[in-house]
Amino acid sequence: MLRAMVLASAICAICLAVPAGGVLQETSAQTKPLVLPKVAIYPWSFSENEGGTNARGVERSQALLTKLFTDRAGMDIVSASVNSAAWQRVSGDAWRDLIEDPKDQPAVPDSKKLLEFGKLAGADFVCAGRLRWNVKSKWVGLGPKIRVTAYVDVKIVDVKKSEEVLNVVDFDSNTGAAEKWWQSAGSLLLTWGFTLFSGGPKTPHMERSAIKAIGGATDPFFTANRAKITAP
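In this text, all values refer to a predicted model and were calculated from it rather than measured experimentally.

## With respect to the overall build of the chain
A count of helices and strands for the chain gives seven helices and six strands. Starting at the N terminus and ending at the C terminus, the chain contains elements arranged as α-β-α-β-α-β-α-β-β-β-α-α-α. Taken over 232 residues, the chain has a buried fraction of 41%. By sequence separation, contacts in the chain at least 24 residues apart represent 73% of the contacts at least 6 residues apart. Carbon and sulfur atoms form 57% of the exposed surface of the chain, whose accessible area is close to 13200 Å².

## What about the packing of helix α2 (residues 55-72) against helix α7 (residues 203-225)?
Put simply, α2 and α7 touch, their axes get as near as 9 Å, and they point 25° apart. By the angle between their axes, α2 is roughly parallel relative to α7. The two elements α2 and α7 meet at a crossing, and its hand is right-handed. From α2, Arg-56, Gly-57, Arg-60, Ser-61, Leu-64, Leu-65, Leu-68, Phe-69 and Arg-72 reach across to α7, where they touch Thr-203, Glu-207, Ala-210, Ile-211, Ile-214, Gly-215, Thr-218, Asp-219, Phe-221, Phe-222 and Thr-223. Class assignment of the residues belonging to the contact of α2 with α7 gives a composition of nine nonpolar, six polar and five charged.

## A word on the nonpolar core
Membership of the largest hydrophobic core comes to 40 residues, with the highest contact counts inside it found for Phe-69, Trp-133 and Leu-189. Counting only elements with at least two residues in this core, the list comes to β1 (38-48), α2, β4 (125-140), β5 (143-158), β6 (163-172), α5 (176-184), α6 (186-192) and α7. Ranked by residues supplied to this core, first place goes to α7 with eight residues. Setting aside its immediate chain neighbours within four residues, Leu-189 contacts Leu-64, Trp-181, Trp-182, Phe-194, Thr-195 and Ile-211. Judged by nonpolar contacts, the second largest core, of 17 residues, contains Tyr-42, Trp-95, Val-108 and Leu-114.

## Looking at the packing of aromatic side chains
Considering all chains together, one arrives at 10 aromatic pairs under this definition. Measuring from centroid to centroid gives 5.8 Å for Tyr-42 and Phe-117, while their planes differ by 35°, and the two rings are tilted. On the criterion of sequence distance, the pair formed by Tyr-42 in strand β1 and Phe-117 in helix α4 (residues 111-121) is long-range, its members being 75 residues apart. Across the pair, exposure class does not vary: Tyr-42 and Phe-117 are buried alike. On the basis of an interplanar angle of 70° and a centroid distance of 5.9 Å, the ring pair of Phe-125 and Phe-221 is categorised as edge-to-face. Here the residue Phe-125 occupies a position in strand β4, and Phe-221 occupies one in helix α7, the gap between them amounting to 96 residues. Aromatic rings pair up to connect Tyr-42, Trp-87, Trp-95 and Phe-117 into one cluster.

## Considering the pattern of salt bridges
This structure, assessed with the given rule, holds 11 salt bridges. Among the salt bridges present, the one from Lys-202 reaches Glu-50, with a minimum N-O distance of 3.2 Å. Taken together, the residues Lys-202 in the loop between α6 and α7 and Glu-50 in the loop between β1 and α2 connect sequence positions 152 residues apart. Taking relative accessible area as the criterion, Glu-50 reaches 37% and is therefore assigned partly exposed. Between Glu-207 and Arg-60 there is a salt bridge; the shortest N-O distance is 3.0 Å. With Glu-207 in helix α7 and Arg-60 in helix α2, this residue pair connects regions lying 147 residues apart in the sequence. Grouping residues by exposure puts Glu-207 and Arg-60 together as buried.

## What about the pairing of β1?
The buried count for β1 comes to 10 of 11 residues, which makes it a mostly enclosed element. Relative to strand β2 (residues 76-77), β1 runs parallel, the two sharing two bridges. Bridging from a neighbouring strand, Lys-38 pairs with Asp-76 of β2. As paired strands, β1 and β4 are joined by eight bridges and run parallel to one another.

Basis of the calculations
- Residues numbered from 1 in each chain as written.
- Predicted model: local features only at pLDDT ≥ 70, side-chain atom pairs only at ≥ 80, totals over all residues.
- Heavy atoms only, no water.
- Helix = DSSP H or I, 4+ residues; strand = E, 2+ residues; numbered from the N terminus.
- Buried < 20%, exposed > 50% of the residue type's maximum accessible area, 1.4 Å probe, protein only.
- Contact = heavy atoms within 4.5 Å.
- Areas by Shrake-Rupley, 256 points an atom, 1.4 Å probe, with all protein chains shown as cover.
- Axes fitted to C-alpha atoms, helices over the stretch in contact; angles between N-to-C directions.
- Parallel < 35°, antiparallel > 145°, perpendicular 65-115°, else oblique.
- Left-handed = near helix turned anticlockwise from the far one by under 90°.
- Nonpolar A, V, L, I, M, F, W, Y, C, P; charged D, E, K, R; others polar.
- Core = buried A, V, L, I, M, F, W, Y, C linked by side-chain atoms within 4.5 Å.
- Phe/Tyr/Trp six-rings, centres within 6.5 Å; stacked < 30°, edge-to-face > 60°.
- Salt bridge = Lys/Arg side-chain N within 4 Å of Asp/Glu carboxyl O.
- Pairing = 2+ DSSP bridges.

As structure tokens, this is what we get:
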């Protein structure tokens, strides 16, 4: 009898906690929707000295930039359509990302224009840059011997603070700093799927050099700001 009374009391308590219709009421304060800081990875341009620009290398470069900002910095990426529309509004021209001749490749825009662009795109940060591949190949024995160097210029602007937080020029993928980053980021790159390079004779070299250059050039920003970046 006593057991039955205890069970009945428990059932009544549950009934009081759950209103009619079965909707549970929150017992704590209302949870706010998660809002991530936004980054516009734009504008970027790519060129190669041997004519044409390796599509696979460009694809890997853009994928790495996305992973760095989403996974290391916890940011949301501004869409390509918003970037394009905002840039045309600011500059009056469409941005070309693939350049046939490195001599025609434009410099990274100045920080004031990037700040204006970032505000229009609704971004908290803007990451703009350019990557230039220098490919040297010669025939040795039964096949080509290829050496590829990637050079990166990159700027990162904090739109909320209206300041330039990173400005790197001519970062070389063959430097000690790039190699050090490559070695330290090995497990992270493996997780992201950036260790298996494929394609023609020079494509794997272009992918690897681009990843080393971009990773090494941007690492000071992520190392210094990873714990400081917060949602607006």
